[in-house]
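So you can see what is in the structure, the chains are spelled out below.
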Amino acid sequence: MSHHEKWALILGASSGFGAACTRALADAGFNIFGVHFDLKSTLPRALQVKADVEKKGRKALFFNKNVADDKNRAEIIAALDDYFKQNGGGTVQVMLHSVAFGNLKPFIAPDPNGAVDRKAMEMTLDVMANSLVYWTQDLVRANLLGRGSKVWSMTSSGSHRVIVGYGPVSAAKAALESHTRQLALELAPKGICVNCFQAGVTDTPAFRMIPNAERIKEHIMTLHPDGRMTAPEDIARTIVAFADSKLDWITGTVVRVDGGEDNI
Ligand SMILES: NC(=O)c1ccc[n+]([C@@H]2O[C@H](COP(=O)([O-])OP(=O)(O)OC[C@H]3O[C@@H](n4cnc5c(N)ncnc54)[C@H](O)[C@@H]3O)[C@@H](O)[C@H]2O)c1
């Protein structure tokens, strides 16, 4: 029965884009494997997302684990594999990498402790960019992604623009887009599409950590002809529309969902 079930895997399911996409995909008939990394204070938001999926009559298997840890990744993928084996097979049709865990220090600061260092730089690239490759590799090896599956990740205009305090994350976004092109090329023979969404500036917990977030927000609202920022639901509606199995020729690209913001 279960290969008729639709499943999405959301990395970063408890907040922002990940939470909105989880809810929208559940509305569209997807069951959800959700991964998030929440301590006591933010755990309720993860439980709420899971409860919302179940309220919609879908299954929700959630894991509160760091996606950048090799052992966690192996355990979670083994759990997905077990689930499908015990339920007559199946694959993940939509995967979203929407993980925000970056260092926001400047490269240059009067006190070296105030500047990004090797450990912080490498952690940011590992969590926000390289982990996309490791998850995709292991899912493909376990035959959990197949013809028609879509892999998405979240980039930003920071991949090609400078923003104060965003240096390590900018580097991660540039790497993420490069990883996306490479994965798309190598997975084309298997019929798996790999793309990025470039979201406009969106008021989420991760955005509020960026230095000058309030100023950036005001700037966008003033500049944008529609007078609003991007909302997580803008991405959520798009991921649902692109889940259509007939859309199988869009791969290795960046789909901007920003109301035109990056042209301004
Ligand atoms: N907010 C924006 O303006 C904006 C714009 C463009 C792109 N993005 C990108 O979108 C993605 C999601 O950002 P958001 O704004 O929705 O952030 P958010 O803080 O609202 O959500 C981040 C999610 O990632 C999870 N997470 C963080 N570190 C993790 C880890 N190590 N392991 C597992 N889960 C982890 C959190 O639990 C949470 O579910 C990021 O890649 C971000 O750079 C954000």
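Please read all numbers here as calculations on a predicted model, not as lab measurements. (Residues numbered from 1 in each chain as written. Predicted model: local features only at pLDDT ≥ 70, side-chain atom pairs only at ≥ 80, totals over all residues.)

Would you take a moment to explain the overall build of the chain for this structure?
Looking only at helices and strands, the chain features eight helices and seven strands. The C-alpha atoms of the chain give 18 Å as radius of gyration, which agrees with the globular expectation for 264 residues (18 Å, within 12%). Overall, the C-alpha framework of the chain stretches about 60 × 40 × 40 Å when taken along its three principal axes. For the chain, buried positions account for 41% of its 264 residues. In the chain, the proportion of contacts linking residues at least 24 apart, taken out of those at least 6 apart, comes to 74%. (Helix = DSSP H or I, 4+ residues; strand = E, 2+ residues; numbered from the N terminus. Rg over C-alpha atoms; globule rule 2.2 N^0.38 Å. Buried ≥ 20, exposed ≤ 12 C-beta atoms within 10 Å, placed from the backbone. Contact = placed C-beta atoms within 7 Å.)

Whenever I open this one, the site of the ligand confuses me. Can you help?
The environment of the ligand is formed by 29 residues, the closest being G12, G16, M154, T204 and A206. Elements with a contribution of two residues or more to the shell around the ligand: helix 1 (16-27), strand 2 (30-36), helix 4 (118-141) and helix 6 (205-208). (Near = placed C-beta within 6 Å.)

Just to check I follow, could you spell out the nonpolar core for this structure?
The nonpolar side chains of a soluble globular protein tend to be buried with one another. C21 and I239 are the most contacted members of the largest nonpolar core, which totals 59 residues. Excluding its chain neighbours within four sequence positions, the residues that come into contact with C21 are I10, L96, I235, A236 and I239. (Core = buried A, V, L, I, M, F, W, Y, C linked by C-beta atoms within 7 Å.)

How do you make sense of the sheet that holds strand 5 (residues 150-155) when you look at a structure like this?
What links the strands of a sheet is backbone hydrogen bonding, and the strands pair in either a parallel or an antiparallel sense. In space, the seven strands of this open sheet follow the order 3-2-1-4-5-6-7, with parallel pairing throughout. Each edge of the sheet is formed by a strand with only one pairing partner; in this case those strands are strand 3 (60-64) and strand 7 (254-257). For this sheet, the mean inter-axis angle between neighbouring strands, taken without regard to orientation, is 20 degrees. Sheet analysis places strand 1 (residues 6-11) next to strand 2, joined by six bridges and oriented parallel. By the bridge assignment, L9 is partnered in strand 2 with F33. Docked against the sheet, helix 4 engages strand 1, strand 4 (94-97) and strand 5, running at close to 160 degrees with respect to strand 4. (Pairing = 2+ DSSP bridges. Axes fitted to C-alpha atoms, helices over the stretch in contact; angles between N-to-C directions.)

Help me understand helix 1 in this model?
Because each turn of an α-helix spans 3.6 residues, side chains separated by three or four positions end up pointing in the same direction. In this model helix 1 runs 17 Å from its N-terminal to its C-terminal C-alpha over 12 residues, within 8% of the 16 Å that 1.5 Å per residue would give. Counting buried residues along helix 1, 11 of its 12 residues qualify, which places the element largely inside the surrounding structure. Looking only at helix 1, the buried set comprises G16, F17, G18, A19, A20, C21, T22, R23, A24, L25 and A26. (Expected span 1.5 Å × (residues − 1).)

Looking at this model, I keep getting lost on the environment of S131. Mind explaining?
Along the chain, S131 turns up in helix 4. Between the alpha carbons of S131 and Y83 there is a distance of 23 Å; along the sequence they are 48 residues apart. Residues in contact with S131, not counting those within four places in the same chain, are V67, A68, V99 and D126.

What should I look at first to understand helix 5 (residues 167-187) in this one?
In this model, helix 5 (21 residues) spans 30 Å end to end at C-alpha, consistent with the 30 Å of a helix rising 1.5 Å per residue. Those residues of helix 5 not exposed but buried are G167, P168, V169, S170, A171, A172, K173, L176, E177, H179, T180 and L183. On its buried face, helix 5 sits against helix 4, strand 5, strand 6 (193-199) and strand 7.

Can you walk me through the packing of helix 1 against helix 8 (residues 232-242) in this structure?
Between two packed helices, both the angle of their axes relative to each other and the distance between the axes serve to describe the pair. Here helix 1 crosses helix 8 at 45 degrees, and the two axes come no closer than 8 Å. The angle between helix 1 and helix 8 falls in the class oblique. Relative to helix 8, the crossing made by helix 1 is right-handed. In this structure, helix 1 contributes G16, F17, A19, A20, C21, R23, A24 and L25 to the contact, and helix 8 contributes P232, E233, I235, A236, R237, I239 and V240. Of the residues contributing to the contact of helix 1 with helix 8, the split by class is 11 nonpolar, one polar and three charged. (Parallel < 35°, antiparallel > 145°, perpendicular 65-115°, else oblique. Left-handed = near helix turned anticlockwise from the far one by under 90°. Nonpolar A, V, L, I, M, F, W, Y, C, P; charged D, E, K, R; others polar.)

Could you clarify how one ought to interpret the packing of helix 1 against helix 2 (residues 43-55) in this entry?
The contact between helix 1 and helix 2 brings their axes to 9 Å, and the two run at 10 degrees. In terms of their interaxial angle, helix 1 and helix 2 are classed as roughly parallel. Contact residues: helix 1 offers A19, T22, R23 and A26, while helix 2 offers V49, D52 and V53. Looking at the contact of helix 1 with helix 2, its residues break down into four nonpolar, one polar and two charged.

Is there a simple way to think about the environment of T204 in this case?
Its place among the elements puts T204 in the loop between strand 6 and helix 6. According to the C-beta neighbour criterion, T204 is buried, with 20 such atoms within 10 Å. Linking T204 and F17, residues 187 residues apart in sequence, is a C-alpha distance of 8.3 Å.

What am I meant to see in the environment of P106 here?
Among the structural elements, P106 can be located in the loop between strand 4 and helix 4. Apart from residues no more than four positions distant in its own chain, P106 is found in contact with A115, G165 and G167.

Explain the pairing of strand 6 to me, please; I cannot follow it from the model alone.
Consecutive side chains along a regular strand alternate between the two faces of the sheet. Of all the seven residues making up strand 6, seven are buried; the element is thus mostly covered by neighbouring parts of the structure. Here strand 6 shows no split at all, with C193, N195, F197 and A199 on one side and V194, C196 and Q198 on the other all buried. Where strand 5 lies against strand 6, six bridges are found, and the strand directions are parallel. Each bridged residue has a counterpart across the sheet, and for T155 the counterpart in strand 6 is Q198. Relative to strand 7, strand 6 is paired through four bridges, and the arrangement is parallel. Counterpart to F197 in the pairing with strand 7 is V255.

By themselves, these observations are geometric and do not establish any function.
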